[in-house]
Amino acid sequence: MTIAPPFDVLPQPLSLEDFIRESAPYLAPPPYVSKFKAVRWTELDLPGPEHEWLVKGVITRGERTMMVGASQSGKSFLAIDLAMSIVRGVSWFGAKVRRGGVVYQAGEGGRGIKKRLRAYRLEHDLETNAELPFVLLPAQVDLYAGDDATNALIAETKHWGATFDCPLELVVIDTLSTATPGADENSSKDVGPVLARCERIAQECACAVMLVHHMNSGGQKPRGHTSILANLDSVLKVEKLEEMDVDRRAIREIELAKQKDGESGRKWRFVLPAVEIGKDAEGEALTSCVVRLPNIEGEPGETSKPTDAGQRLTPQCEVFLRAIYKALSEHGEEAPAALDLPAGTHVVRWKQLGEVFAGMAFDGADEDDPKKRANALSQAMKRHGERLMQLNIIMRENPFVWLTGKKVRGFARRSDSAGNTRGERREDPPPPVATDEPMF
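Predicted model only: the values in this text are computed from it and were never measured.

Trainee: Teacher, can you tell me more about the sheet that holds strand S15 (residues 394-397) here?
Mentor: For sheets, the rule is that strands pair by backbone hydrogen bonds, running either parallel or antiparallel. Here four strands make up an open sheet; going across it, the order is S13-S14-S16-S15 and the pairing antiparallel. Strands with a single pairing partner mark the edges of an open sheet, and in this sheet they are strand S13 (333-334) and S15. As paired elements, S13 and strand S14 (residues 346-349) share two bridges and run antiparallel to each other. By the bridge assignment for S14, Glu334 is matched with His346. Against the sheet, helix H7 (residues 315-331) makes contact with S13, S14, S15 and strand S16 (400-403), and its axis sits at roughly 105° relative to S14, the strand it touches most.

Trainee: Help me understand the packing of helix H4 (residues 148-163) against helix H5 (residues 188-205), please; the structure alone is not making it clear to me.
Mentor: Relative orientation and spacing of two packed helices are given, respectively, by the angle between their axes and the distance between those axes. Between H4 and H5, the least distance of the axes is 10 Å, while the angle of their chain directions is 25°. Between H4 and H5, the interaxial angle falls into the category roughly parallel. In this structure, the crossing between H4 and H5 has a hand that is right-handed. Residues Thr150, Asn151, Leu153, Ile154, Thr157 and Lys158 of H4 lie in contact with H5, whose contacting residues are Arg197, Arg200, Ile201, Glu204 and Cys205. Of the residues assigned to the contact of H4 with H5, the class counts are four nonpolar, three polar and four charged.

Trainee: Whenever I open this one, H7 confuses me. Can you help?
Mentor: Counting along an α-helix, one turn takes 3.6 residues, and residues three or four places apart therefore face a common direction. Its 17 residues place the ends of H7 24 Å apart at the C-alpha level, agreeing with the 24 Å of an ideal helix rising 1.5 Å per residue. Taking burial as the measure, the 17 residues of H7 include 12 buried ones, the bulk of the element. Those residues of H7 that fall on the buried side of the exposure criterion are Gln316, Cys317, Glu318, Val319, Phe320, Leu321, Arg322, Ala323, Ile324, Tyr325, Ala327 and Leu328.

What counts and how
Residues numbered from 1 in each chain as written. Predicted model: local features only at pLDDT ≥ 70, side-chain atom pairs only at ≥ 80, totals over all residues. Heavy atoms only, no water. Pairing = 2+ DSSP bridges. Helix = DSSP H or I, 4+ residues; strand = E, 2+ residues; numbered from the N terminus. Contact = heavy atoms within 4.5 Å. Axes fitted to C-alpha atoms, helices over the stretch in contact; angles between N-to-C directions. Parallel < 35°, antiparallel > 145°, perpendicular 65-115°, else oblique. Left-handed = near helix turned anticlockwise from the far one by under 90°. Nonpolar A, V, L, I, M, F, W, Y, C, P; charged D, E, K, R; others polar. Expected span 1.5 Å × (residues − 1). Buried < 20%, exposed > 50% of the residue type's maximum accessible area, 1.4 Å probe, protein only.

Shown next as structure tokens:
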């Protein structure tokens, strides 16, 4: 039998003020959730999405970019070269690259793209059965008619991305006009939905999207409505110049025409030499082109020859590279984890390299004026360093420099400088060569 408690032990009634105070947590509205990913001033340093480079100074991860040029300018060859640099994680015209997977949608000339990829494979001595994070989609896609094709492309891109051993980083659509049949490129009504679908691909696949596109008839801007250019994060403009290199090959130029998160206006030059990739049914040579640096300083014919012997350098760059070998031998250290380099890679500090280089190349130079001597050393290192980075022979991330492992004529690959050469016999750096040419 339950006995009711006496009235004198019942809870005491609350005052109105106490009731409001104790009820407040139950009556308060739920926390506000921003639909636009708001970040308050006091939250700027909290973890969250940050600006990250895919190709340092050129393309940001997850952005929409464009490779644009006139017909026969070489834009598709260059798009393949850029995409494969990301696949392999190797520098592109001296810019550091984040390794990642690439899906290349080539509705324009799928068969031609396969030849170009085979030429790239031959040029860079890649194994036929290498498991690279790359997939070619040679069937046409329609980003204009509706969402069905876009949905299918996103689903397939996600499928292939899941098979890669690294994150998917780039989808290439080559070309924009082929991917938008029936659309009026000059109409914002037609262009708007296409750009929105490109943004969907970038968002849902968590990767950058690069459109390959044509220039207008005047050759001054991308063909079509102004919103195409306005809605892109970066634009690479490719142009064939009225210039030839030593080997009489047309020089082409890349201009970073737009970069919202970095410096625009940067330029690089390249040529498109033909290489033989096999024989046809009649036994005649099958050829395609590859991207190389122009032969400006060397002897005629040297860059059109097979590259098995390695890259040829000017005497000035040879001395600087020998200084790097010597500095790595004397002052090399294990690469810091922050550089994300293969295990066993050794680096040397730029300052220590300068000391070694000064001893090899600057003995007796401006001894009476230390300031001029230091300035000459700095300028020579900058000039030769940039050249070796363009050739993908070295990489630099302040304050370190290291070798990529690329073959160089007259130099042995270092077993402690690049992950793909570990296990080879380590050799001492060759002695500096004598030369009558000025060092700077």
